[in-house]
Amino acid sequence: MQKRLTLLGSTGSIGDSTLDVVARHPDRFSVYALTAHRNGDKLVDQCLRFAPEVAVVGDAATAQAVESKLRAAGSKTVVTFGPQALIDVSKSDGCDTVVAAIVGAAGLEPSLAAAKAGKRILLANKEALVMSGDIFMDTVRDSGAVLLPLDSEHNAVFQCMPHDGKHGGVTKIILTASGGPFRTREPSTLVDVTPEQACKHPNWSMGRKISVDSATMMNKGLEVIEAHYLFDLPGDRIDVLIHPQSVIHSMVSYADGSVLAQLGNPDMRTPIAHAMAYPDRIDSGVAQLDLAQVATLNFEKPDYERFPCLALAMKALAEGGVASATLNAANEVAVEAFLNRRIGFMAIAQTVDAVLNALQNRSATSLEVVLEADAAARRAAHKIIDSLPVPA
Ligand code: NAD
Ligand code: MG
């Protein structure tokens, strides 16, 4: 049966890759809803190509502009806006599959709505799971939703895990990490890096927020937390291994000494096509891996001094409660401030650390508690950033 998609964050990097896969398989997939925040013109182009029933944007002015362009072009797509509209298209009977590809905390409530409605959820928006871990996983379980990871590492782990719902013989998950653009840069010069340098990832082309997270390795920290919830393993059984080529996307090790890995060219269309068609396999548009051409695969241990954000995320996971939501919110504010040149690169970790120390942890008993922790961490982060000097 054809799958009908709501694509949250369709104008982003994951959104583009998802629509590329959709376009290759019109017999398998159709689009119910597309959503964007402010990039109305790109959303209009996508609507004219994929003819969704609904398009959602962030505000009334963008909605009006999108609507008039669509009408002028003869499109019937209904245009709505705002956070409730995102929730509505995520739980609608019009779709069976929700691709969660909004960046940051803004994606939590629509993703959770999809989980409550028992949808098949293809999750790229790791921040949603980092914030609400147990609540999200409990909701998925209670509603009978199916959660499939799009994040390349987690998709790789999913492919290498036993699929009987048990962890028979699994000893560890090994998440690989490229190490980002600053893996070998002299640590004393990291204070001076610019947003442009931080966003220039050696292997992947991604949105700006996750690119900065990759440069600080907060991304890998968020992914350890994500893996903990997705695969129900404690933090001390989730290793991080630097692998600069990004060819092995992650591994699972077993009691008998076996290690299973998933390999491929670094292109998000592979994990996206995997999750979209699962359990089938379809063409993703990605070239087959040529290992003779790659020739060498390297590995090294992560350097926690160079990448303090990685250690902070591990600490937040070990503390439990709302610490991961606090970490995530502080990081979102700090990354935004870095991208706006308000703080330097090393001040990202400094801000997150200070916010974690300033705020009291508590158990994550409800979504309200999580959202309160998120708001408190944002306020605390802004206060710390206000006290920091503007970089030269
Ligand atoms: P992006 O910045 O390219 O796109 C983000 C999308 O979210 C856009 O469509 C934007 O309009 C929308 N958006 C932003 N703020 C919003 C808000 N407040 N309300 C509603 N919509 C909003 O980001 P991306 O690189 O595509 O990443 C999306 C998510 O996928 C992130 O959580 C990221 O960590 C995760 N992810 C991305 C990649 C990748 O290769 N890009 C890989 C793994 C995981
Ligand atoms: Mg990843």
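Every value quoted in this text rests on a predicted model; they were computed, and no experiment measured them.

Undergrad: I keep staring at the sheet that holds strand β11 (residues 259-263) and nothing clicks. Help me out?
TA: Where strands meet in a sheet, backbone hydrogen bonds hold them as pairs that are either parallel or antiparallel. Read from one edge to the other, the open sheet built from 4 strands follows the order β9-β8-β10-β11, with strand pairing classed as mixed. Taken across any chain shown, the strands that pair with only one partner, and hence form the sheet edges, are β9 (238-242) and β11. With direction set aside, neighbouring strand axes in the sheet form an average angle of 20°. Alignment of strand β10 (residues 248-254) against β11, held across 5 bridges, turns out to be antiparallel. Within β11, the position partnered with Ile248 by the bridge is Leu263.

Undergrad: Mind showing me how you'd approach the packing of aromatic side chains here?
TA: Two descriptors summarise a pair of aromatic rings, namely the distance from one centre to the other and the angle between the planes of the rings. Considering all chains together, one arrives at 3 aromatic pairs under this definition. For the ring pair Phe338 and Phe345, a centre distance of 5.6 Å and an interplane angle of 65° mean the geometry is edge-to-face. The two residues Phe338 and Phe345 agree in class, both being buried. What links up through ring pairs into an aromatic cluster is the set Phe182, Phe338 and Phe345.

Undergrad: Sorry if this is basic, but what is going on with the domain arrangement of the protein here?
TA: When the parts of a complex come together, some accessible area is lost, and that lost area is often used as the size of the interface. The domain architecture assigned to the protein consists of domain 1 (3-150), domain 2 (151-187 + 195-306) and domain 3 (320-392). Taken over C-alpha atoms, the centre of domain 1 sits 24 Å from the centre of domain 2. Every contact between the two is made by 28 residues of domain 1 and, on the other side, 32 residues of domain 2. Interface of domain 1 and domain 2: buried area, both sides summed, is about 2,500 Å²; carbon and sulfur atoms make up 67% of it. Considering only the side of domain 1, the residues that lose the most area to domain 2 are Lys126, Pro149 and Leu150, jointly responsible for 26% of the buried surface there. Inspection of the region where domain 1 meets domain 2 yields 5 salt bridges. The shortest N-O distance in the salt bridge between Lys209 and Glu127 comes to 2.9 Å. In this structure, the connection of domain 1 to domain 2 is made through 13 residue pairs in polar contact (both at pLDDT 80 or more). Residue assignment for the side of domain 1 that touches domain 2 shows that the elements contributing at least two residues are β1 (3-8), α1 (13-24), β6 (120-123), α6 (126-143) and β7 (146-149). The greatest single-element share of the side of domain 1 that touches domain 2, amounting to 8 residues, is contributed by α1.

Undergrad: Is there a simple way to explain the nonpolar core in this structure?
TA: One recurring pattern in soluble globular proteins: nonpolar side chains tend to sit buried together. If you look at the biggest cluster of nonpolar residues, it comprises 126 residues, and the most contacted ones within it are Leu327, Ile343, Phe345 and Ile348. Of all the elements, helix α14 (residues 323-339) adds the most residues to this core, at 11 residues. Excluding its chain neighbours within four sequence positions, the residues that come into contact with Leu327 are Met218, Leu222, Ile225, Leu312, Ala313, Ala316, Val352 and Leu356.

Undergrad: Help me understand unusual backbone geometry, please; the structure alone is not making it clear to me.
TA: Cis geometry marks the peptide bond from Tyr278 to Pro279; its omega dihedral reads 5°. A positive phi angle, near 50°, is found at Ser246, a position not held by glycine. Structurally, the position occupied by Ser246 is in the loop between β9 and β10. Ser246 gets classed as buried once you look at its relative accessible area, which sits at 6%. Phi at Ala295 is positive, roughly 65°, even though this residue is not glycine. Structurally, the position occupied by Ala295 is in the loop between α12 (291-294) and α13 (308-319). Among the residues examined, Ala295 registers a relative accessible area of 63% and is labelled exposed.

Analysis parameters
Residues numbered from 1 in each chain as written. Chains lettered and ligands numbered in written order. Predicted model: local features only at pLDDT ≥ 70, side-chain atom pairs only at ≥ 80, totals over all residues. Heavy atoms only, no water. Pairing = 2+ DSSP bridges. Helix = DSSP H or I, 4+ residues; strand = E, 2+ residues; numbered from the N terminus. Axes fitted to C-alpha atoms, helices over the stretch in contact; angles between N-to-C directions. Phe/Tyr/Trp six-rings, centres within 6.5 Å; stacked < 30°, edge-to-face > 60°. Buried < 20%, exposed > 50% of the residue type's maximum accessible area, 1.4 Å probe, protein only. Domains from an automatic or database assignment. Contact = heavy atoms within 4.5 Å. Buried area = accessible area lost by both parts, 1.4 Å probe. Salt bridge = Lys/Arg side-chain N within 4 Å of Asp/Glu carboxyl O. Polar contact = N/O pair within 3.5 Å; in protein donor to acceptor, adjacent residues only side chain to side chain. Core = buried A, V, L, I, M, F, W, Y, C linked by side-chain atoms within 4.5 Å.

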